[in-house]
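# Architecture at a glance
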Amino acid sequence: MPFDPIYTTEHELFRETCRRFLTEEVVPFQAAWEKAGIVPRELWKKAAEVGLLLPTTAEEYGGAGADFGFCAVFCEEVMAANAAGAALGMALHNDICAPYIEKYGTEEQKQRWLPAMAKGDVISAIAMSEPAAGSDLQGVKTRAVRDGDEYVITGQKTFITNGQHADVIILVCKTDPERGAKGTSLILVETDRPGFARGRNLDKLGMKAQDTSELFFDNVRVPASNLLGEENQGFRYLMEQLPRERLQAAIQGLAAAEAALEWTVAYTREREAFGQKVFDFQNTQFKLADIKTECLVARAFVEKCIALQAEDKLTQEMGAAAKLYCSELQGRATDECLQLHGGYGFMAEYPITKLYADSRVNRIYAGSSEIMRLIVARSL
Ligand SMILES: Cc1cc2nc3c(=O)[nH]c(=O)nc-3n(C[C@H](O)[C@H](O)[C@H](O)COP(=O)(O)OP(=O)(O)OC[C@H]3O[C@@H](n4cnc5c(N)ncnc54)[C@H](O)[C@@H]3O)c2cc1C
């Protein structure tokens, strides 16, 4: 894309590191990991060795103390490498899980978890969704009951990214169910505690190398000191952090649309039908021109949001608007681009096919498009 005003030389150097890591350590092995439904744990250690884990966490906690632009660069490169399933779990670990611990954790919690997360020794997950509560997080049923110096946790989570690998889970649960959302807390749960069990590694339409799991909590006892922040403030913390998560989803969506466009221009310039290049049909050019226009407009908005996030000023409305626009654009762009590949677009060996499948979830997770519209509508 022709303008990149927010990125500095440091961002571009980091981009090179991401690209090299993805090209050498991820892409050649991805097909095997997709079959396995999971990446090997060693991949996380390798990512840590080249500085890809926790780049935006403070240096005193093992991170690089970098700005949110580094998160954006990582997500852009993952999408450009068509490696969403293998590597977006790291983006969640870096820029969704770590910030909760860094922002709301005690000094002891930060020292215990963040350096180990930066080294790839500890993999994190965040468990909000339940079988009967996804969009409506107020309906969370998982319960934590205080018993002396401990919480006793009972409940079930589903669709949890990094669920098979996770060593620590940021658990969204009710500590005072009578108070609804205002009775929600976040508790750090170590996955080696008795009573904790992982369910199936879920079989999905796309993002096949990403482990996504059900999690079960059967009277799991954790020390009360595992509470993250204050009791019953969990919903407020979620509301504070979700715009960042949605911006991350927006960045992924835009980068996917840009990648689809680039691959399809290249493909249609080669492919011939009726004695001419497919690219030379006006229909092809109009479709691709529409996608390019939307990508340019989206990039200007997303970069504005990245700058706002770097100053901690991204609002609910802006985060939701960015995710809504970019994930819907991702859906349209990957669909139109697949169409322009003809039958080859349906064949697994073409990158557009995988990108199309991997893209579908972005209109659903981190808050569906319908929920994004509700949030934007609240500001009308
Ligand atoms: C691959 C994958 C990874 C995920 N990773 C995680 C994770 O790491 N942690 C986590 O906690 N969750 C995760 N999720 C869960 C995800 O956030 C939820 O699936 C999502 O929030 C939607 O919830 P639901 O599936 O229960 O759908 P539902 O809430 O049942 O929604 C069904 C449909 O109803 C619509 N709908 C719901 N409410 C309204 C409304 N008020 N108005 C209009 N329409 C509405 C929805 O938009 C949707 O179209 C993941 C999901 C997937 C698929």
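These lines cover the structure that appears in this document, whether it is placed above or below. (Residues numbered from 1 in each chain as written. Predicted model: local features only at pLDDT ≥ 70, side-chain atom pairs only at ≥ 80, totals over all residues. Heavy atoms only, no water.)

Moving on: the packing of aromatic side chains. Summed over the entire model, instances satisfying the criterion amount to seven aromatic pairs. A ring pair is formed by Tyr 267 and Tyr 350, whose centres lie 5.9 Å apart and whose planes are at 90 degrees; its orientation type is edge-to-face. Separated by 83 residues along the polypeptide, Tyr 267 in helix α7 (residues 234-270) and Tyr 350 in the loop between α9 (316-340) and α10 (351-359) bring together distant segments of the chain. Given a relative accessible area of 12%, Tyr 267 falls into the buried group. Using a relative accessible area of 23% as the deciding quantity, one classes Tyr 350 as partly exposed. Clustering of aromatic rings is evident, with ring pairs tying together Tyr 100, Tyr 104 and Tyr 237. It is Arg 15 that lies over the ring of Tyr 7; its NZ or CZ is 5.1 Å from the centre. In this arrangement the basic side chain of Arg 269 is found over the ring face of Phe 279, its NZ or CZ atom lying 4.1 Å from the centre. (Phe/Tyr/Trp six-rings, centres within 6.5 Å; stacked < 30°, edge-to-face > 60°. Helix = DSSP H or I, 4+ residues; strand = E, 2+ residues; numbered from the N terminus. Buried < 20%, exposed > 50% of the residue type's maximum accessible area, 1.4 Å probe, protein only. Lys NZ or Arg CZ within 6 Å of the ring centre and 35° of its normal.)

Before going further, it helps to spend a moment on the packing of helix α4 (residues 68-80) against helix α8 (residues 282-310). Contact geometry of α4 with α8 gives a least axis separation of 8 Å together with a crossing angle of 140 degrees. One finds that α4 runs oblique with respect to α8. Listed contacts from α8 to Phe 68, Gly 69, Ala 72 and Glu 76 of α4 are Arg 299, Ile 306, Gln 309 and Ala 310. Grouping the constituent residues of the contact of α4 with α8 by class yields four nonpolar, two polar and two charged. (Axes fitted to C-alpha atoms, helices over the stretch in contact; angles between N-to-C directions. Parallel < 35°, antiparallel > 145°, perpendicular 65-115°, else oblique. Contact = heavy atoms within 4.5 Å. Nonpolar A, V, L, I, M, F, W, Y, C, P; charged D, E, K, R; others polar.)

Taken together, the neighbourhood of the ligand is formed by 18 residues, with Met 128, Ser 129, Ser 135, Ser 368 and Glu 370 sitting nearest. Measuring from a nitrogen atom of the ligand, one finds a backbone N or O atom of Ile 126 at 2.9 Å. Within the contact set of the ligand, an oxygen atom lies 2.6 Å away from a side-chain nitrogen or oxygen of Ser 135. When contributions to the shell around the ligand are tallied by element, the ones reaching two or more residues are β1 (124-127), β3 (150-161) and α11 (369-378). Residues of the shell around the ligand, tallied by class, amount to eleven nonpolar, five polar and two charged. Both domains that meet at the shell around the ligand, namely domain 2 (125-231) and domain 3 (235-378), each give it at least three residues. (Near = heavy atom within 4 Å. Polar contact = N/O pair within 3.5 Å; in protein donor to acceptor, adjacent residues only side chain to side chain. Domains from an automatic or database assignment.)

Read these as geometric descriptors, not functional statements.
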